[in-house]
Amino acid sequence: MFKFKLEPVLSLKEKIEDSKKRELGAATMHKEVLFNEKRQLMEKKEEAMQAVKAHNSIVVDVRSLKAFNQYSVYMDQAIKAKNQQVQEAQKKVEEKREELLEAVKERKIFDHLKDIQNEVFIEEEKREEQRILDDIVTYKYGKKGRE
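Residues numbered from 1 in each chain as written. Predicted model: local features only at pLDDT ≥ 70, side-chain atom pairs only at ≥ 80, totals over all residues. Heavy atoms only, no water.

Q: Could you give me a rundown of the overall build of the protein chain, with the residues and numbers involved?
A: Along the backbone of the protein chain there are two helices and zero strands. For 147 residues, the compact-globule estimate of 2.2 N^0.38 gives 15 Å, and the protein chain exceeds it by more than 25% at 35 Å. Dimensions of the protein chain, computed from the C-alpha atoms along their principal axes, are close to 125 × 25 × 15 Å. When the 147 residues of the protein chain are sorted by exposure, 20% land in the buried category. Considering only residue pairs separated by 6 or more positions, the protein chain has 86% of its internal contacts joining residues 24 or more positions apart. Accessible surface, the protein chain as shown: approximately 11,600 Å² in total, 57% of it carbon and sulfur. One way to put it: in the protein chain the 32 positive side-chain charges average out to a point 3 Å from where the 30 negative ones average out. (Helix = DSSP H or I, 4+ residues; strand = E, 2+ residues; numbered from the N terminus. Rg over C-alpha atoms; globule rule 2.2 N^0.38 Å. Buried < 20%, exposed > 50% of the residue type's maximum accessible area, 1.4 Å probe, protein only. Contact = heavy atoms within 4.5 Å. Areas by Shrake-Rupley, 256 points an atom, 1.4 Å probe, with all protein chains shown as cover. Lys, Arg positive; Asp, Glu negative; His and termini not counted. Charge placed at Lys NZ, Arg CZ, Asp CG, Glu CD.)

Q: Could you give me a rundown of the side chain of arginine 107, with the residues and numbers involved?
A: Topologically, arginine 107 is positioned in helix H2 (residues 62-146). What makes arginine 107 buried here is its relative accessible area of 15%. Beyond its immediate chain neighbours, meaning those up to four positions away, arginine 107 contacts Leu10, Lys13, Glu14 and Glu17.

Q: Quick one: what's the story with the packing of aromatic side chains, residue by residue and with numbers?
A: Within the structure shown, the criterion is met by one aromatic pair. Between phenylalanine 2 and phenylalanine 121, the aromatic rings sit 5.6 Å apart at their centres with planes inclined by 50°, giving tilted as the arrangement. With a gap of 119 residues between them, phenylalanine 2 in the segment before helix H1 (7-58) and phenylalanine 121 in helix H2 connect regions that are remote in the sequence. The partly exposed category is assigned to phenylalanine 2, whose relative accessible area is 23%. (Phe/Tyr/Trp six-rings, centres within 6.5 Å; stacked < 30°, edge-to-face > 60°.)

Q: Explain the environment of serine 72 residue by residue, including any values.
A: Within the secondary structure layout, serine 72 lies in helix H2. In the structure, serine 72 is positioned 24 residues away from alanine 48 in sequence and 8.5 Å away in space, judged by C-alpha atoms.

Q: Tell me what's going on with the environment of valine 60, and back it up with residues and numbers.
A: One can find valine 60 in the loop between H1 and H2. With 11 residues separating them in the primary sequence, valine 60 and tyrosine 71 have C-alpha atoms 17 Å apart.

Q: An account of the nonpolar core is requested, with residue identities and associated values reported.
A: In this structure, Leu24, Ala27, Val93, Leu100 and Val104 together form the largest nonpolar core, which totals five residues. Elements that contribute at least two residues to this core include exactly H1 and H2. With three residues, the top contributor of residues to this core is H2. Look past the residues within four positions of valine 93 in its chain and what remains in contact with it is Leu24, Ala27, Thr28 and Lys31. (Core = buried A, V, L, I, M, F, W, Y, C linked by side-chain atoms within 4.5 Å.)

Q: How would you explain the pattern of salt bridges if you had to name every residue and give the values?
A: Once the charged atoms of two side chains with opposite charge are near each other, the side chains can pair. A full pass over the atoms with the stated rule returns 16 salt bridges. Residue arginine 131 is joined to aspartate 135 by a salt bridge in which the shortest nitrogen-to-oxygen separation is 2.9 Å. Taken together, the residues arginine 131 and aspartate 135, both in helix H2 and four residues apart, mark about one turn of the helix. Residues joined in a network through salt bridges with shared partners are Glu17, Lys21, Arg107 and Asp111. (Salt bridge = Lys/Arg side-chain N within 4 Å of Asp/Glu carboxyl O.)

Q: Go over the environment of lysine 66 with me, naming the residues and quoting the values.
A: Along the chain, lysine 66 falls in helix H2. Lysine 66 gets classed as exposed once you look at its relative accessible area, which sits at 58%. For the pair formed by lysine 66 and glutamate 128, sequence separation is 62 residues and the distance between their alpha carbons is 92 Å.

So yeah, pure geometry; function would need other evidence.
The structure is reproduced here in structure tokens:
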């Protein structure tokens, strides 16, 4: 029966890989949430602009134009801040992706080592079986020769 001596290490590497996958998933979800928030801010600004245009197409209202201008500046700042957050989240996603790739490489190294050791074990078992068969044949041949 083959027993991989480094099985606990391989198991640990698999757990680390799973953890990195979860971290990447969480970072990706966070980035998507931030991106959706940014998109919503842009849509709100566009809706406000359309409302002001519709209102001012009838009568030009300086007060509403001033208010929209202030709102527009505020929304631009909010969009810029959200865009910065999205970029930081994207960097975090890339970091997590790199960490996952490294964890996958480390796990694959141990998987490959396990496969190699398993093949060596199988070859040793085959040689041992062949030796036993040779001993049996030699014994039977020797027994026939004495008779």
